[in-house]
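Each chain, written out:
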Amino acid sequence: MSTAVVVGGGPNGLAAAVRLARAGLRVTVLEAAEEPGGGARSGEAILPGLLHDHCSAVHPMTVGSPFLRGLGLERFGLEFRLPEVDCAHPLDDGTAGVLYRSVAATADALGGVDGRRWRQLFERPVAGYDRLAPDLMGPLLRLPRHPVLLSRFGLPALLPASALARAFCGERARALFGGAAAHAFQPLHRPLSAAIGLGLLTAGHRYGWAVAVGGSGAITRALVALLTELGGTVETGVRVRSADRIPPADLVLYDLAPGAVADLLGDRLPVRTARAYRRFRHGPGAFKVDFAVEGGVPWTAEPARRAGTVHLGGGFAEIAAAERAVAAGRMPRRPFVLVGQQYLADPQRSVGDVHPVWSYAHVPHGYTGDATGAVTDRIEGFAPGFRERIVGLAVRRPADFAADNANLVGGDIMTGAESAGRLLLGPRPTLHPYATGLPGHYLCSAATPPGPGAHGMCGARAAEAALRWLRG
């Protein structure tokens, strides 16, 4: 029986392990932390019984993942639920851009010209999403299965987010799109910066911005349970500091940042690969604040009170200015903040009338300041009286993210700057982004296509590449 070792037990490492085990390999996953999952974990951060997601929290790409959907993970207790409103983007005038799962409902809420343009932009890609997803969630520089369908999505995705936003007349539509595009942690005037926003919104319209019942750790538990059923094992508390610590195997896959792979393999890597991995750029950081809030957040914009995700960035111009500042290493006074109200879809996360509110601000890479006040002020600005409802809070700084998960260098929860080069080529200039150039060794982390998220597609794609090599 052929053997494989996966170094790193995040969603991609576990997905790679499952794919290899299903192909008949004996698989061992080595995870440095005391529990697997990477960013897909949950725990009690503030009060007993009050459940918070560590990092990854809302999962439009996970529910629609071509790989995960075929695994039957519901057998192991994985269940997704939707809030009444997927996402709301409040504005200073008390109104909000509102994202519903339905394209028609979202367009109707925007109304007029912007409603018609929203339909034109999303109706066809959403209708064809299940056929489109395998092309979207993999290397872009390859022959697509559905070139016409991909072109309808891909041509707008090539644009800067700022250019696509100008297609809308009103601020609600511009801000709603801009907030989704800002998930990429990059300036919105750059080419391809529209791609992340279009991907999230299209997946969301098809499957909703869902949460995992019982926390994002439920995704990890289901993958581990399936891997165990297939005969694989996960060893936790095993920090691999040298390639000599990796057991002999036919295949080795790395759910690690590229720089860590270069450090681990040293001169075993081809020179060009090692150089590219060591030059791999990490993006801005996240500064996370979890709140315990009595009675929930008193949003001024009513749709935000029903929304699983709330984007706080003001109008499109303000979002763009904040993202430019962060990319340039400057902390904006009013940063872009994401707020998660997962308990609206999954009430078991709350304790009585005290609810877990998940939030983080975009901050410069390696930011060492304290953004707790900026995050709180941002929420208070759109929800007067919020401060008085806070029962407790827990803070996770960029350095805390990096200490907890070595892939998140400088607090970069995306595992790399979302540049046009990375979107097209992955971590190095090659048509084979998962290959390290060292036979039998493959990179399967979120640094590879299609990028970050708990969808497992990076791991599945890397495993498929490794199996093709193994089979000759």
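Figured I'd write up the structure that's included with this text. (Residues numbered from 1 in each chain as written. Predicted model: local features only at pLDDT ≥ 70, side-chain atom pairs only at ≥ 80, totals over all residues. Heavy atoms only, no water.)

In terms of helices and strands, the chain carries 18 helices and 16 strands. For the chain, the C-alpha radius of gyration of 21 Å lies close to 23 Å, the compact-globule estimate for 472 residues. In terms of principal-axis extent, the alpha carbons of the chain reach across some 60 × 50 × 45 Å. For the chain, buried positions account for 62% of its 472 residues. (Helix = DSSP H or I, 4+ residues; strand = E, 2+ residues; numbered from the N terminus. Rg over C-alpha atoms; globule rule 2.2 N^0.38 Å. Buried < 20%, exposed > 50% of the residue type's maximum accessible area, 1.4 Å probe, protein only.)

The next point concerns the sheet that holds strand E10 (residues 251–254). In space, the five strands of this open sheet follow the order E9-E2-E1-E10-E16, with parallel pairing throughout. Taken across any chain shown, the strands that pair with only one partner, and hence form the sheet edges, are strand E9 (233–235) and strand E16 (441–443). Neighbour-to-neighbour, the strand axes of the sheet open up by a mean angle of 20°, direction not taken into account. As judged from the three bridges shared by strand E2 (residues 26–30) and E9, these two strands associate in the parallel manner. Across the sheet, Val-29 pairs through a bridge with Val-234, a residue of E9. (Pairing = 2+ DSSP bridges. Axes fitted to C-alpha atoms, helices over the stretch in contact; angles between N-to-C directions.)

Note that Arg-174 resides in helix H8 (residues 171–181). The spatial distance from the C-alpha of Arg-174 to the C-alpha of Ser-162 is 8.9 Å, given a sequence separation of twelve residues. Sequence-distant contacts of Arg-174, that is, excluding residues within four places in its chain, are made with Ala-165, Phe-168, Cys-169 and Phe-316. Side-chain polar atoms of Arg-174 contact the backbone oxygen of Cys-169, separated by 3.4 Å. (Contact = heavy atoms within 4.5 Å. Polar contact = N/O pair within 3.5 Å; in protein donor to acceptor, adjacent residues only side chain to side chain.)

As a further point, take helix H9 (residues 194–207). With 14 residues, H9 extends 20 Å between its outermost C-alpha atoms, agreeing within 8% with the 20 Å of an ideal straight helix rising 1.5 Å per residue. For H9, a buried count of 13 out of 14 residues is recorded, marking the element as mostly surrounded by other parts of the structure. One or two positions beyond H9, positive phi appears at Gly-208, with a value near 85°. (Expected span 1.5 Å × (residues − 1).)

Let's shift gears to the sheet that holds strand E7 (residues 96–99). Here we have seven strands laid out as an open sheet, ordered E7-E6-E12-E13-E14-E11-E15, and mixed in their pairing. Looking at strand neighbours, the two that pair on one side only are E7 and strand E15 (390–396), the edges of this open sheet. Strand-to-strand, the axes of this sheet are offset by a mean angle of 20°, without reference to chain direction. Examined bridge by bridge, strand E6 (residues 85–90) and strand E12 (residues 307–312) share three bridges and lie parallel to one another. Within E12, the position partnered with Ala-88 by the bridge is Val-310.

Glancing now at the pattern of salt bridges. By the definition in use, this model includes 23 salt bridges. With a shortest N-O distance of 2.8 Å, Arg-306 and Glu-302 are connected by a salt bridge. Here Glu-302 falls in the partly exposed class, since its relative accessible area comes to 42%. Close ionic contact of Arg-396 with Asp-404 constitutes a salt bridge, the shortest N to O distance being 3.8 Å. Its relative accessible area of 22% is what places Arg-396 among the partly exposed residues. One network of salt bridges, with partners in common, ties together Glu-35, Arg-41, Arg-396 and Asp-404. (Salt bridge = Lys/Arg side-chain N within 4 Å of Asp/Glu carboxyl O.)

This brings us to helix H10 (residues 217–229). Residues spaced three or four apart along an α-helix face the same direction, because each turn holds 3.6 residues. When the terminal C-alpha atoms of H10 are compared, their 18 Å separation across 13 residues agrees well with the 18 Å that a helix rising 1.5 Å per residue should span. Looking only at H10, the buried set comprises Gly-217, Ala-218, Ile-219, Thr-220, Ala-222, Leu-223, Val-224, Leu-226 and Leu-227. Looking at the residues trailing H10, positive phi occurs at Gly-231, about 95°.

Geometry of a packed helix pair, given as the angle between the helix axes and the separation of the axes. Relative to each other, helix H1 (residues 11–22) and H10 sit at 25°, their axes nearing to 9 Å. Relative to H10, H1 is oriented roughly parallel. As for how H1 packs across H10, the hand of that crossing is left-handed. Where H1 abuts H10, its residues Pro-11, Leu-14, Ala-17, Val-18 and Ala-21 lie against Thr-220, Leu-223, Val-224, Leu-226 and Leu-227. (Parallel < 35°, antiparallel > 145°, perpendicular 65-115°, else oblique. Left-handed = near helix turned anticlockwise from the far one by under 90°.)

For the rest of this paragraph, the subject is the side chain of Asp-346. Here Asp-346 shows up in the loop between strand E13 (337–340) and strand E14 (354–363). By relative accessible area, which is 0% here, Asp-346 ends up buried. A distance of 2.8 Å separates the side chain of Asp-346 from the backbone nitrogen of Gly-214, its partner in a polar contact. Side chain to side chain, Asp-346 and Arg-349 meet in a polar contact 2.8 Å long. Residues in contact with Asp-346, not counting those within four places in the same chain, are Arg-81, Val-211, Ala-212, Val-213, Gly-214 and Gly-215.

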